[in-house]
Protein chains: 2
Amino acid sequence: GTLVPVAWYEGAFFYQVFPDRFFRAGPPGKPAPTGPFEPWEAPPTLRGFKGGTLWGVAEKIPYLVDLGVEALYLNPVFASTANHRYHTVDYLQVDPVLGGNAALRHLLEVAHAHGIRVILDGVFNHTGRGFFAFQHLLENGPESPYRDWYYVKGFPLNAYSPHPNYEAWWGNPELPKLRVETPAVREYLLGVAEHWIRFGADGWRLDVPNEIQDPEFWRAFRRRVKGANPEAYIVGEIWEEADFWLQGDMFDATMNYPLARAVLGFVGGEALDQELSGRTGLGRIEPLQALAFSHRLENLFSRYRPEVVRAQMNLLTSHDTPRLLTLLRGDADRARLALSLLFLLPGSPTVYYGEEVGLEGGHDPENRGGMIWEEGRWKKGIRESVKRLARLRKERPELRTAPYTRIYAVDGHLAFTRGPYLVVVNATPFPFRQDFPLHGALP
Amino acid sequence: GTLVPVAWYEGAFFYQVFPDRFFRAGPPGKPAPTGPFEPWEAPPTLRGFKGGTLWGVAEKIPYLVDLGVEALYLNPVFASTANHRYHTVDYLQVDPVLGGNAALRHLLEVAHAHGIRVILDGVFNHTGRGFFAFQHLLENGPESPYRDWYYVKGFPLNAYSPHPNYEAWWGNPELPKLRVETPAVREYLLGVAEHWIRFGADGWRLDVPNEIQDPEFWRAFRRRVKGANPEAYIVGEIWEEADFWLQGDMFDATMNYPLARAVLGFVGGEALDQELSGRTGLGRIEPLQALAFSHRLENLFSRYRPEVVRAQMNLLTSHDTPRLLTLLRGDADRARLALSLLFLLPGSPTVYYGEEVGLEGGHDPENRGGMIWEEGRWKKGIRESVKRLARLRKERPELRTAPYTRIYAVDGHLAFTRGPYLVVVNATPFPFRQDFPLHGALP
């Protein structure tokens, strides 16, 4: 096949890190922060902190290099009152608990030195209540110069009651919605977007971008980010098909939950905990036979332009879903198969931290446990599969570029090609022997 | 007389600026911020903003040079929800409404280029409710790693009721008191103190330092600040005699309200609005005859070491008192006389912005009006006196260094020497002719 020139993020192996939970360390040669934090291995809580830092992520770059990781997606790192840091307090400061701006600087340097890109999580639809402009409005009411920064329905703000008198994300008073049509707000957010790209970040994952129902904002966002770095990656958190966002004027890609549903439906089979998935954004995942699965894939691969298909953030789970092994009721073989498929399909395979060692956990906050670093406690085999697939992918660039072509799809059995390669998948617990008519299917 | 080597702040002419109210301007060549702000000349309100900026202060440096100013004392400039900015939200960011860190950088450059020093206002006893650590605690309760940053009596915090369950300045829930004995808090505050000195500030005015009842904190503060710049000036807001703070291990000086009371008592006479002063930290000011006045001065000048006397921030009014002309019921001659005395006594004469042009105003917020920039509306004569006295002081360094010696003090008449100079004061409305026996009084 011919090699297509691709952006770094097309087909790159992403690894998602939830910073409070990955590794706790101080700056090189200095002690780790002491908190007070909750114990690393205690069941995670909605409000508790375990004290992971960006210094810690940097210290674990060799682990990620060994795994074959090519890019990091960091859950939010800016100053926030929440352990997940989606309640932004200051968009221009890395959270001091994570090590502050110096720690992000260090992480970027170490990651880049190892060829690993880093994208940040941008939460631009709403702020936390602790954000400067909101606090200003809370204290000063209509006399605040920030009075047009939010959608206020009355003063004084009642920010600490269940019925806020301002627009908030899903009515949650903790998350007042920013008014992006106010020029100062828009300029502020675009300035933030540009600032961190110039700081060295390689792109943005955008939190709930569909809530900002102003395509011009996202077009301006793209111009600003790509103006600072034409190679920056912009990936939106859109849980469904996202044609509107992927025309080339807004995002490079979306988080490919539709693909996750398809893979889990095909690979999960009897093992899949449908009740558990049904209580999340994944929805109740219906089992799929190979042909239905392939049709879903073909739909996803044909509805977008090829560069979008290559750039889609293909994931199985995230901080917003139960963990893979838990969804599969502990079936490590199916977890390996699902992850293997991720690396063999077009798009950017994305692994949620700990997925590769079999971390378990149901709903938030259980799915955000402290990473396990003792090899002896890792679930055997999954990590080895990921590592092998990642290497294969690096050695064979057509696995990034070549389209998906179905060869065979019957019951639990699927065969497809990616350029010169044939992939055969057996999603049943039984041996599978089959001759395929490959005439014309391979180059 | 012999010249004593003195620090820059000993006897320097300070000018206090309330940043929201001095001058509104954008960066050089760019438009001023548009707010929304309240009209510049409308009566100031407790919560309203007029949009003065540090760009604006920088633009008015030529005015200050012309007046003879040698140092600026800026009311707080860090991000805050209050127009006075004593409710700190972020100690490491200049308020964006003031122009942000870039505006302070610019002001420091312009001021320094004109030989004018700049000291900042440090509010370390308490924070605003919007401060990061407080918001963290408010949202997360005892699970926050900041749980030892305040004096919390119960969770959840009830921060928006009149009866906070945490220690607060004068019980005001808006101003939670920091727990400086927590090592992380102490290190944070000392880091802030050092940061801005290294940034280029020439010293700190400390807000309510007596509320931090831990002399070791202030000793560490001094070491940290003087370590960064041995010439930095540290002046505490202590409203009474301050022997404890002025032993050389904590502050260089205090805001000399006791001297203000004495000068106003002597010069104010019948004009003084005692009821008005009585409702402020000045207290009810009793009229003083010359001898009683001189005794007060002699007490203030003898109780501290000479370098402290020279460094005392001698003021008549501030953002915490009614304005001079209002206290004197509009008597501009007495205002001129009071200001003249300030420049002829040992210590650092400090003028509150607008005092020199006769700005009027009673209690907060009236005493914080927008500066008047139209010459035609200035009260005649006061500014010329200040300017003349400032020049005199610059030309005759003994006015900074020489001690005060009483020569004559009867009724409303006072004469004293400062080294080779004789000062004769007539605080009555009537002419005054008197021969003084100067034998031995002058060198």
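Every value quoted in this text rests on a predicted model; they were computed, and no experiment measured them.

Reading guide: rules and limits
- Residues numbered from 1 in each chain as written.
- Chains lettered and ligands numbered in written order.
- Predicted model: local features only at pLDDT ≥ 70, side-chain atom pairs only at ≥ 80, totals over all residues.
- Heavy atoms only, no water.
- Core = buried A, V, L, I, M, F, W, Y, C linked by side-chain atoms within 4.5 Å.
- Buried < 20%, exposed > 50% of the residue type's maximum accessible area, 1.4 Å probe, protein only.
- Contact = heavy atoms within 4.5 Å.
- Pairing = 2+ DSSP bridges.
- Helix = DSSP H or I, 4+ residues; strand = E, 2+ residues; numbered from the N terminus.
- Axes fitted to C-alpha atoms, helices over the stretch in contact; angles between N-to-C directions.
- Buried area = accessible area lost by both parts, 1.4 Å probe.
- Salt bridge = Lys/Arg side-chain N within 4 Å of Asp/Glu carboxyl O.
- Phe/Tyr/Trp six-rings, centres within 6.5 Å; stacked < 30°, edge-to-face > 60°.
- Lys NZ or Arg CZ within 6 Å of the ring centre and 35° of its normal.

### Looking at the nonpolar core
Consideration 1: Within the largest apolar cluster, 150 residues are counted, with the highest numbers of intra-cluster contacts made by Y15(B), L72(B) and W204(B).
Consideration 2: When near neighbours in sequence (up to four residues on either side) are disregarded, L72(B) contacts F14(B), Y15(B), V17(B), V57(B), I61(B), L64(B), L107(B), I116(B), R117(B), V118(B) and I119(B).
Consideration 3: Judged by nonpolar contacts, the second largest core, of 146 residues, contains V77(A), V123(A), I212(A) and A332(A).

### Let's talk about the sheet that holds strand 12 (residues 413–418) of chain A
Residues and elements named next belong to chain A.
Consideration 1: The sheet built from three strands is open, its strands ordered 11-12-13 with antiparallel pairing. Strands with a single pairing partner mark the edges of an open sheet, and in this sheet they are strand 11 (404–410) and strand 13 (421–426). Mean inter-strand twist for the sheet, computed between neighbouring axes without regard to direction, equals 15°.
Consideration 2: When strand 11 meets strand 12, the two strands line up antiparallel, connected through six bridges. Bridge pairing links Y404 to R418 in strand 12.
Consideration 3: Each of strand 11 and strand 12 is contacted by helix 9 (residues 290–303), which is oriented at about 165° to strand 11, the strand it contacts most.

### Overview of the interface of chain A and chain B
Consideration 1: Tallying the contact residues gives 32 residues for chain A and 32 residues for chain B.
Consideration 2: With both sides pooled, the region where chain A packs onto chain B buries about 2700 Å², and carbon together with sulfur makes up 55% of that total.
Consideration 3: A per-residue breakdown of the area chain A buries against chain B is headed by P36(A), F132(A) and E139(A), which together make up 24% of the total.
Consideration 4: Scanning the region where chain A abuts chain B turns up two salt bridges.

### What about the side chain of S340(B)?
All names here are of chain B.
Consideration 1: Summarising the element assignment, S340 is placed in helix 12 (residues 332–344).
Consideration 2: Given the relative accessible area of 16%, S340 is considered buried.
Consideration 3: In contact with S340, not counting residues within four places along its chain, are S385 and L389.

### Focus on the sheet that holds strand 5 (residues 117–122) of chain B
All names here are of chain B.
Consideration 1: As summarised here, the arrangement of the eight strands in space is 8-7-6-5-2-1-10-9, forming an open sheet in which the pairing is parallel. Either end of the sheet is taken by a strand with one partner, and the two such strands are strand 8 (253–254) and strand 9 (313–315).
Consideration 2: Across three bridges, strand 5 lies against strand 6 (residues 203–206) in parallel orientation. The residue of strand 6 that forms the bridge with D121 is R205.

### Comments concerning the packing of aromatic side chains
Residue and element names in this part refer to chain A.
Consideration 1: Within the structure shown, the criterion is met by 82 aromatic pairs over all chains.
Consideration 2: Relative to Y150, the ring of F134 has its centre 5.2 Å away and its plane inclined at 80°; by these criteria the two rings are edge-to-face. Here Y150 lies in the loop between helix 4 (132–140) and helix 5 (183–199) and F134 lies in helix 4, a separation of 16 residues in the sequence. Summarising the burial analysis for this pair, F134 and Y150 share the class buried.
Consideration 3: For the ring pair W196 and F199, a centre distance of 4.8 Å and an interplane angle of 65° mean the geometry is edge-to-face. Pair noted here: W196 and F199 are both in helix 5, with a separation of three residues, about one helical turn.
Consideration 4: Using a relative accessible area of 15% as the deciding quantity, one classes F199 as buried.
Consideration 5: Between the NZ or CZ atom of R105 and the centre of the ring of F199, over which it lies, the distance is 3.9 Å.

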